[in-house]
Amino acid sequence: GGLYLLWHIRRRINFVVLVIGVAGLVALVLGLDFYISHYTRSGSMLTRLGATTFVNMMPESRAGAWTGAWERIFEHPWIGHGPYYSGQSGTRLWFWPHCLYLFVPNNVGFIGLAIFLWLLGSLFRVSIPHTDDLRRSRFSEGYLLIGHVQLVVFIVDEIKIEYLRNPNYGFQIWFMFALIVAAYQISRHEAAEPVPAPAKVRS
């Protein structure tokens, strides 16, 4: 997400500030990884990522879940199993899909997946930023830049997890969707109005 944002604002990047920021971020990540791996019960995230292996182009930790989810989809490929995901079907136990794009068709079939992908595509289209300046007087356009990056992070991140497994997290995601739509509608309305002059700063 950070790299994607930097690409959008590349014309306004100060190289010295960028280098300092990247160095600080790397130091922060390494420091947090050291603290977590030595002073908590969690292991090193970087070590785990480095040890990741792939099975048929799938991460080893997801291969079983993704294969099972794909198999289960074809029990009811068009309308799915219903809006509630159960880890047990008859006498068989199923893993959580660990992928939103497998979770959705498990519940509402390929028809539901097509509608959901259309929704994500529409949100992506309307959130494409028309500015690379976060300091513009029109707040809605500045927010669309951030909202667009948030949406891209969400779309990519959901390949490895499904937000719908959590009964509370879903509200946050749809709130983000709603903010993107609201900012898009406000920016369209404001586009017909003249841009106000920047406020004068008293010395």
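Our subject is the structure listed above.
Residues numbered from 1 in each chain as written. Predicted model: local features only at pLDDT ≥ 70, side-chain atom pairs only at ≥ 80, totals over all residues. Heavy atoms only, no water.

**Quick notes on the overall build of the protein**
Thinking step 1. Per the secondary structure count, the protein includes seven helices and four strands.
Thinking step 2. Listed N to C, the secondary structure of the protein is α-α-α-β-β-α-β-β-α-α-α in terms of helices and strands.
Thinking step 3. Since a compact globule built from 203 residues should have a radius of gyration of about 17 Å, the 22 Å found for the protein marks it as more spread out than a globular shape.
Thinking step 4. By its C-alpha atoms, the protein is 75 × 45 × 30 Å across when sized along the principal axes.
Thinking step 5. Across the 203 residues in the protein, those meeting the buried criterion constitute 32%. (Helix = DSSP H or I, 4+ residues; strand = E, 2+ residues; numbered from the N terminus. Rg over C-alpha atoms; globule rule 2.2 N^0.38 Å. Buried < 20%, exposed > 50% of the residue type's maximum accessible area, 1.4 Å probe, protein only.)

**Regarding the pattern of salt bridges**
Thinking step 1. Evaluation of the coordinates by the stated rule reveals one salt bridge.
Thinking step 2. For Asp157, the salt bridge identified is with Lys160, shortest N-O distance 3.0 Å.
Thinking step 3. Assessed through its relative accessible area of 29%, Asp157 is described here as partly exposed. (Salt bridge = Lys/Arg side-chain N within 4 Å of Asp/Glu carboxyl O.)

**What about the packing of helix H6 (residues 139-157) against helix H7 (residues 169-191)?**
Thinking step 1. At a minimum axis separation of 9 Å, H6 and H7 run at an interaxial angle of 145°. The handedness of the crossing between H6 and H7 is left-handed. On H7, the residues touching Ser140, Glu141, Tyr143, Leu144, Gly147, Gln150, Leu151 and Phe154 of H6 are Ile173, Met176, Phe177, Leu179, Ile180, Ala183, Tyr184, Ile186, Ser187 and Glu190.
Thinking step 2. Of the residues assigned to the contact of H6 with H7, the class counts are twelve nonpolar, four polar and two charged. (Axes fitted to C-alpha atoms, helices over the stretch in contact; angles between N-to-C directions. Left-handed = near helix turned anticlockwise from the far one by under 90°. Contact = heavy atoms within 4.5 Å. Nonpolar A, V, L, I, M, F, W, Y, C, P; charged D, E, K, R; others polar.)

**A few points about the nonpolar core**
Thinking step 1. Grouped together as the largest cluster of nonpolar side chains are 26 residues, with contacts concentrated most on Leu120, Leu151, Phe154, Phe177 and Ile180.
Thinking step 2. Of all the elements in the fold, those that place two or more residues in this core are helix H4 (60-73), helix H5 (100-127), H6 and H7.
Thinking step 3. Among the elements that line this core, the one with the most residues is H5, at nine residues.
Thinking step 4. Leave out the neighbours within four places in its chain, and Phe177 touches Leu119, Leu120, Leu123, Leu151 and Phe154. (Core = buried A, V, L, I, M, F, W, Y, C linked by side-chain atoms within 4.5 Å.)

**Here's the deal with H5**
Thinking step 1. Helix length check: H5, at 28 residues, gives a terminal C-alpha distance of 21 Å against a target of 40 Å (1.5 Å per residue), a shortfall beyond 12%.
Thinking step 2. Of all the bends found along H5, the most pronounced is centred on Val108 and spans about 125°. (Expected span 1.5 Å × (residues − 1). Bend = angle between axes of the 7 residues up to and from the residue.)

**Observations concerning helix H2 (residues 15-39)**
Spacing of three or four residues puts side chains on the same side of an α-helix, whose turn is 3.6 residues.
Thinking step 1. Across its 25 residues, H2 extends 36 Å between first and last C-alpha, which sits within 8% of the 36 Å expected from 1.5 Å per residue.
Thinking step 2. N-capping of H2 is provided by Asn14, with a side-chain oxygen placed 3.0 Å from the backbone N of Val16. (Polar contact = N/O pair within 3.5 Å; in protein donor to acceptor, adjacent residues only side chain to side chain.)

**A look at the environment of Gly109**
Thinking step 1. Position of Gly109 among the secondary structure elements: in helix H5.
Thinking step 2. Using a relative accessible area of 0% as the deciding quantity, one classes Gly109 as buried.
Thinking step 3. Contact partners of Gly109, with chain neighbours within four places excluded, come to His76, Pro77, Trp78, Ile79, Gly80 and Val104.

**Thoughts on unusual backbone geometry**
Thinking step 1. The residue His98 is not glycine, and still its phi comes out positive at about 55°.
Thinking step 2. Its place among the elements puts His98 in the loop between strand S4 (92-93) and H5.

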